[in-house]
Amino acid sequence: MRGLGRLKLTSVALVDYIAAQRLKNTLLINGFWRSGTTWLQQTLVEALHAKSLFEPFSPAAGHQWDQFQGRVSDASRNVYMPLSADCLTPRDRVKLHLALKGVGTHGYTHFLRGPGDKSWSRDLVVKFTQLGFVLDDVADTYQVPIIHIRRHPAAVFASFSETDWSWRFEDVRLRELYSPQDYSKGSLERERAETLLRFDRFPAQRLAAMWSLSERSAQRSIIAGKAHLVRYEDVVDQGPGILNRLELSSVNIPSNDTASPVTTSGREQLSVSQRLNDWRSRLTRTEIDTIESVCNELFPDNGYFDRDASKSGTYSR
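Residues numbered from 1 in each chain as written. Predicted model: local features only at pLDDT ≥ 70, side-chain atom pairs only at ≥ 80, totals over all residues. Heavy atoms only, no water.

**A short note on the packing of aromatic side chains**
The tally for this structure, following the rule as stated, stands at 15 aromatic pairs. Ring plane angle 25 degrees and centroid distance 6.2 Å describe the contact between tyrosine 108 and phenylalanine 111, whose orientation is recorded as stacked. Taking relative accessible area as the criterion, tyrosine 108 reaches 29% and is therefore assigned partly exposed. Its relative accessible area of 35% is what places phenylalanine 111 among the partly exposed residues. Ring plane angle 85 degrees and centroid distance 5.9 Å describe the contact between phenylalanine 160 and tryptophan 165, whose orientation is recorded as edge-to-face. What makes tryptophan 165 partly exposed here is its relative accessible area of 27%. One aromatic cluster is present, built from ring pairs that chain together Phe57, Trp65, Phe68, Tyr80, Phe128 and Tyr178. Here arginine 151 stacks its cationic end above the ring of tyrosine 232, 4.2 Å away from the centre of that ring. (Phe/Tyr/Trp six-rings, centres within 6.5 Å; stacked < 30°, edge-to-face > 60°. Buried < 20%, exposed > 50% of the residue type's maximum accessible area, 1.4 Å probe, protein only. Lys NZ or Arg CZ within 6 Å of the ring centre and 35° of its normal.)

Dropping the structure here:
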């Protein structure tokens, strides 16, 4: 049976290589884990009748991060982000190049594909969760339109706490991923590594620090016009049709109420209000305050925690 699986993957990969020659349009989606990236990709793939490629940098897709030294836990390995384009190795660059040409090299990269999977489509929607620090470089190098989706960090943390993945965020240790000594003194990478390690004590701190630094970096790309920002809250509240305002395609993007394949079990039928706000009751006050404090320190313009409102015990959505 394993041999048949390899044969199927080889066949799909061969089709990808051949179809890459006729690929016309590539759309890249990036966003922090549990921010709606899979649902957004699924919606766009259906609306554009496009080919999909899923998480090429994920260890589940066979990608090996050569940057790691010594033993790194599976959980930590899954949340690694290169701190700048200079941190991308030749292997990373090859995988990135292949992904943006629609070439999947592992069964996991074909995750969203099904029967009649549009492998020959001239349009491609590929999504990553690790490009927050390198969006500028990707935009400049590949000249592809980028949609970056952002979600409230407390909602992201609450979602992580209920996933049934093979790894848990609680087991992530940033010190396994980033050592300031690996970067030049005074470099942006070293500054980012030192900042992340400063918050490597509790799960809520770790996630808030990673979210804040990567979102702050992505924000620079958005301000520079190299990426388009979409807020998860706006897409859920108004429907993905709001993407039509980005003018990335003449295809009408309809609303999509279908849960994604990675939606946490039991949350498929939640109302809009529950989906947007129930993190308030799912997290402890200490967790919320911790996330707010870290995010406001590292990414003051995060758009989610209103400092004046937080003093009165309320939070902006």
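**A short note on the side chain of threonine 129**
Position of threonine 129 relative to the elements: it lies in the loop between β3 (123–128) and α5 (135–142). Look at threonine 129 and you get buried, because its relative accessible area is 2%. Among the polar contacts made by the side chain of threonine 129, one reaches the side chain of glutamate 55 at a distance of 3.1 Å. Leaving out residues up to four positions away in the same chain, threonine 129 has contacts with Asn30, Gly31, Phe32, Trp33, Thr37, Glu55 and Met81. (Helix = DSSP H or I, 4+ residues; strand = E, 2+ residues; numbered from the N terminus. Polar contact = N/O pair within 3.5 Å; in protein donor to acceptor, adjacent residues only side chain to side chain. Contact = heavy atoms within 4.5 Å.)

**A few points about unusual backbone geometry**
Positive phi is not limited to glycine here, since arginine 34 has a value of about 65 degrees. For arginine 34, a relative accessible area of 12% puts it in the buried group. One non-glycine residue, glutamine 143, lies in the positive phi region at around 55 degrees. As for its placement among the helices and strands, glutamine 143 is situated in the loop between α5 and β4 (146–150).

**Things to note about the environment of serine 159**
Checked against the element boundaries, serine 159 lands in helix α6 (residues 153–160). When its relative accessible area of 7% is taken as the criterion, serine 159 is described as buried. When the C-alpha positions of serine 159 and arginine 282 are compared, they lie 9.3 Å apart, and in sequence the two are 123 residues distant.

**Let's talk about the packing of helix α4 (residues 90–100) against α5**
Contact geometry of α4 with α5 gives a least axis separation of 12 Å together with a crossing angle of 60 degrees. Relative to α5, the element α4 lies oblique. Handedness of the α4/α5 crossing: right-handed. On α5, the residues that touch Arg93, Leu96, His97 and Leu100 of α4 are Asp137, Val138 and Tyr142. Grouping the amino acids of the contact of α4 with α5 by side-chain chemistry returns four nonpolar, one polar and two charged. (Axes fitted to C-alpha atoms, helices over the stretch in contact; angles between N-to-C directions. Parallel < 35°, antiparallel > 145°, perpendicular 65-115°, else oblique. Left-handed = near helix turned anticlockwise from the far one by under 90°. Nonpolar A, V, L, I, M, F, W, Y, C, P; charged D, E, K, R; others polar.)

**Topic: the sheet that holds strand β5 (residues 228–231)**
Spatially, five strands are ordered β2-β3-β1-β4-β5 in an open sheet, and the strand pairing comes out parallel. A strand with exactly one partner marks an edge of an open sheet, and here the two such strands are β2 (51–54) and β5. With strand direction ignored, the average angle separating the axes of adjacent strands in the sheet is 20 degrees. Sitting on the sheet, α4 is in contact with β1 (25–31), β2 and β3, with an inclination near 145 degrees to β3. (Pairing = 2+ DSSP bridges.)

**Structural notes on the pairing of β3**
Most of β3 is tucked away: five of the six residues are buried. In terms of strand pairing, β2 meets β3 through four bridges, oriented parallel. Bridged to lysine 51 within β3 is leucine 124.

**Side note on a nonpolar patch on the surface**
A surface patch of nonpolar side chains, amounting to about 440 Å² of accessible area, comprises Leu14, Tyr17, Ile18 and Trp120. Note that tyrosine 17 resides in helix α1 (residues 2–19). Looking at tyrosine 17, the relative accessible area reads 43%, which means it is partly exposed. (Patch = residues over 30% accessible without salt bridge, like charges linked within 9 Å, V, L, I, M, F, W, Y side chains within 5 Å. Areas by Shrake-Rupley, 256 points an atom, 1.4 Å probe, with all protein chains shown as cover. Salt bridge = Lys/Arg side-chain N within 4 Å of Asp/Glu carboxyl O.)

**A few points about the side chain of arginine 206**
Its location among the elements puts arginine 206 in helix α9 (residues 203–223). Residue class for arginine 206 comes out buried when judged on its relative accessible area of 3%. When neighbours within four sequence positions are excluded, arginine 206 is seen to be in contact with Phe169, Glu170, Val172, Arg173, Leu174, Phe199, Asp200 and Arg201.

**Brief notes about α9**
Each turn of an α-helix holds 3.6 residues, which means side chains three or four residues apart point in the same direction. Between the first and last C-alpha of α9 there are 30 Å, a value that for 21 residues agrees with the 30 Å anticipated at 1.5 Å per step. Among the 21 residues that make up α9, 17 are buried, leaving the element largely enclosed by the rest of the structure. Of the residues flanking the end of α9, it is glycine 225, one or two places downstream, whose phi is positive at about 80 degrees. (Expected span 1.5 Å × (residues − 1).)

**A few points about the pattern of salt bridges**
Inspection of the entire model under this criterion finds 18 salt bridges. For aspartate 234, the salt bridge identified is with arginine 231, shortest N-O distance 3.5 Å. Within this structure, Asp16, Lys51 and Arg113 form a network of salt bridges that share partners.

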